Amino acid sequence: MRVVILGSGRGSNAEALCLAQQGGHLGRAEIVAIFADRPEAGILALGPRFGVDARYLDPAPFKTKLEGEGERRYIAAVAACAPDLIVLAGFMRVVKPGFLSAFAGKVINLHPSLLPSFPGLDGIGQAFRHGVKFTGCTVHYVTPEVDAGRIIDQEVVRIEESDTVDTLATKIHAAEHRLLVDVVGRLSLA
Ligand code: GAR
């Protein structure tokens with residue numbers, strides 16, 4: 001199963017996927033490319049480290065969504081990889097119907113809350129400020145409505161009295177790494 005990863009940030013989830021593949025723990029999944037919408041994104045350093053094609057792809061003209069010229073660039077670059085699965089791992093940009101219909105049923109996203117609670121930006125901070133006792137992370141199929149597609153799996157994280165937003169973030173990131181590796185591995189064997 002050919003996997004393309006899209007990200008914007010430090011890439012700890014993409015790193016977890018690369019490490020799992022390296023260790024033989026990612027089923028039949030093979031990470032074939034990583035694309036980032038920010039040239040300085042840490043996720044791009046995974047390319048040389050793991051021998052994967054990793055490139056900045058200009059998402060212009062929009063700041064928070066992938067549409068128009070930028071969408072066409074992403075569709076062409078991703079399609080050239082002939083992917084079976086596209087993983088949005090911290091890709092902080094709304095993906096529109098043009099991209100989704102080019103890769104129908106193949107795009108999944110990782111979100112740092114138990115959806116449908118706390119969609120959108122800062123899922124960890126939203127849950128912490130709300131005072132819920134359980135939060136976690138979700139992997140779901142991507143649809144045009146943000147953070148609303150069919151849920152594939154979730155991992156629960158308990159918020160302890162002693163937690164700060166930073167300690168909670170650390171726990172959620174650890175849960176995300178486990179969950180994403182598990183889901184991608186399972187999808188590759190399905
Ligand atoms: C992850 O926590 C992921 O859930 C979140 O961005 C982070 C990326 O971290 N995504 C969203 O909030 C999407 N709405 P990473 O770059 O270290 O993998």
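Parameters and conventions
- Residues numbered from 1 in each chain as written.
- Predicted model: local features only at pLDDT ≥ 70, side-chain atom pairs only at ≥ 80, totals over all residues.
- Heavy atoms only, no water.
- Pairing = 2+ DSSP bridges.
- Helix = DSSP H or I, 4+ residues; strand = E, 2+ residues; numbered from the N terminus.
- Axes fitted to C-alpha atoms, helices over the stretch in contact; angles between N-to-C directions.
- Contact = heavy atoms within 4.5 Å.
- Buried < 20%, exposed > 50% of the residue type's maximum accessible area, 1.4 Å probe, protein only.
- Right-handed = clockwise from strand over helix to strand, strands pointing away.
- Salt bridge = Lys/Arg side-chain N within 4 Å of Asp/Glu carboxyl O.

A word on the sheet that holds strand 2 (residues 30–36). Spatially, the seven strands line up as an open sheet ordered 3-2-1-5-7-8-9, and their pairing is mixed. Edge strands, defined here as strands with exactly one partner in the open sheet, are strand 3 (53–56) and strand 9 (151–158). Neighbouring strand axes in the sheet, compared pairwise and without regard to direction, differ in orientation by 20° on average. In this sheet, strand 9 lies alongside strand 8 (residues 134–141) in antiparallel orientation, the contact comprising seven bridges. By the bridge assignment for strand 9, Val139 is matched with Asp153. Set on the sheet, helix 6 (residues 165–189) makes contact with strand 1 (2–7), strand 5 (85–88), strand 7 (107–111), strand 8 and strand 9; between it and strand 9 the angle comes to about 155°.

Regular strands show a simple pattern: their side chains alternate between the two faces of the sheet. Burial runs high along strand 1: five of the six residues are buried. Where strand 1 lies against strand 2, six bridges are found, and the strand directions are parallel. Bridging across to strand 2, Arg2 finds its partner in Glu30. Tracing the backbone out of strand 1, into helix 1 (residues 12–22) and back to the parallel element strand 2 gives a crossover that is right-handed.

By the burial criterion, the buried members of helix 5 (residues 123–130) are Gly123, Ile124, Gly125 and Ala127. Check the buried side of helix 5 and you find it contacts strand 7, strand 8 and helix 6. Following helix 5 by one or two positions, Gly131 adopts a phi angle in the positive range, close to 85°.

Enumeration according to the criterion identifies 15 salt bridges in this entry. Residue Asp153 is joined to Arg186 by a salt bridge in which the shortest nitrogen-to-oxygen separation is 2.5 Å. In this pair, Asp153 sits in strand 9 while Arg186 sits in helix 6, placing the two residues 33 residues apart along the sequence. Of the residues examined, Asp153 reaches a relative accessible area of 24% and is grouped as partly exposed. Relative accessible area serves as the criterion here: at 41%, Arg186 is assigned to the partly exposed category. Taken together, the shared-partner salt bridges in this structure form one network comprising Asp58, Glu69, Arg72 and Arg73.

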